[in-house]
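What follows is each chain in one-letter form.
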Amino acid sequence: MKLLGSITSPFVRKVRVVLLEKHIDFELVTDCMTGNPPPIEQYNPLGKIPALVLDDGLCLFDSQVITEYLDGVSPVGHLLPDPTRERILVKRWEALADGILEAGVAIVLELRRPEQERSPAWVERQRGKMDRGLAQMSRELGQRAWCTSDAMNLSDIATGCMLFWLDFRFPDLDWRERHPNLGGLAKKLAQRKSFKETPPNP
Ligand SMILES: N[C@@H](CCC(=O)N[C@@H](CS)C(=O)NCC(=O)O)C(=O)O
């Protein structure tokens, strides 16, 4: 299978970490976002990465669909529990991590606009989503070792990819000081081979 993506995208990183944790072979294709039209549009009409092209040609998007698919096709290192409530708790956490990322991406894009076209109110609104999202994660994690279970699963991977992307794009955000328990979780994830092999700034 081919993963269309980039090294810096946190959504792509989440998929790469899942592929590595589950020992699934894949080819990463990174030159798909430039050009007019960019090649990604042949695979995902929304023009977004990640997109996963299966061997039979079917193309999957977005990252939450891809991670669920990958967990289903290989029994190695199960990342989503079977019982509905436990599974939905993991997917809810993944949605929260991805939502914080989407707010962060919106800020990055807004700040790339010419200064006179930027909306401070829009940036503030997105910042509120990030702050509330992180606070809720920290509250729910409490003193537990992992986000939703006794062992690492997709909720932890999604959270790690989000936190490390904040380090990459918002180095001054003091999330570790505000939420030391999230810092502890990040420390454990950073030691895993799958995270070591997928830094956004190699
Ligand atoms: N909900 C999507 C978000 C993916 C996303 O926003 N990817 C960004 C890169 S980090 C992108 O491709 N942006 C290009 C665009 O929006 O045109 C997912 O989880 O896959």
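Just above, that's the structure.
As a starting point, this report considers the structure included with it. Remember, it's a predicted structure, so these values are computed and weren't measured experimentally.

1. So, the packing of helix H5 (residues 120–141) against helix H6 (residues 154–169)
(1) Moving on: Closest axis-to-axis distance for the H5/H6 pair is 13 Å, and the angle between their directions is 135°. It follows that H5 is oblique to H6 by the angle criterion. The two elements H5 and H6 cross, and the hand of that crossing is left-handed. Within the contact between the two elements, H5 uses Met130, Leu134 and Met137 and H6 uses Thr159, Met162, Leu163 and Leu166.

2. Regarding the state of the cysteines
Note on terminology: disulfide describes a covalent bond linking the sulfur atoms of two cysteines.
(1) Moving on: Inspection of the entire model under this criterion finds 0 disulfides.
(2) Moving on: Take cysteine 59: it sits in no disulfide, and the sulfur closest to it among the cysteines is that of cysteine 32, at 10.0 Å.
(3) Moving on: Residue classification places cysteine 59 among the buried residues on the basis of a relative accessible area of 16%.
(4) Moving on: Free cysteine cysteine 147: the closest other cysteine sulfur is in cysteine 161, separated by 12 Å.
(5) Moving on: On the basis of relative accessibility, which here comes to 0%, the residue cysteine 147 falls in the buried class.

3. Details of the pattern of salt bridges
(1) Moving on: A complete count under the given rule lists 13 salt bridges for this structure.
(2) Moving on: A salt bridge links lysine 22 to aspartate 71, with the shortest nitrogen-to-oxygen separation between them at 2.8 Å. Of the two residues, lysine 22 is situated in the loop between helix H1 (10–21) and strand S2 (27–29) and aspartate 71 in helix H3 (residues 63–73); the sequence distance between them amounts to 49 residues. Of the two residues, lysine 22 and aspartate 71, neither departs from the other in class, the shared state being buried.
(3) Moving on: Put simply, glutamate 68 and lysine 91 hold a salt bridge, and the shortest N to O gap is 2.7 Å. One end of the pair, glutamate 68, is in helix H3; the other, lysine 91, is in helix H4 (residues 84–111), with 23 residues separating them in the sequence.
(4) Moving on: What you see here is one network of salt bridges that share partners, running through Arg127, Asp131, Asp174 and Arg178.

The rules behind these values
- Residues numbered from 1 in each chain as written.
- Predicted model: local features only at pLDDT ≥ 70, side-chain atom pairs only at ≥ 80, totals over all residues.
- Heavy atoms only, no water.
- Axes fitted to C-alpha atoms, helices over the stretch in contact; angles between N-to-C directions.
- Helix = DSSP H or I, 4+ residues; strand = E, 2+ residues; numbered from the N terminus.
- Parallel < 35°, antiparallel > 145°, perpendicular 65-115°, else oblique.
- Left-handed = near helix turned anticlockwise from the far one by under 90°.
- Contact = heavy atoms within 4.5 Å.
- Disulfide = S-S within 2.5 Å.
- Buried < 20%, exposed > 50% of the residue type's maximum accessible area, 1.4 Å probe, protein only.
- Salt bridge = Lys/Arg side-chain N within 4 Å of Asp/Glu carboxyl O.

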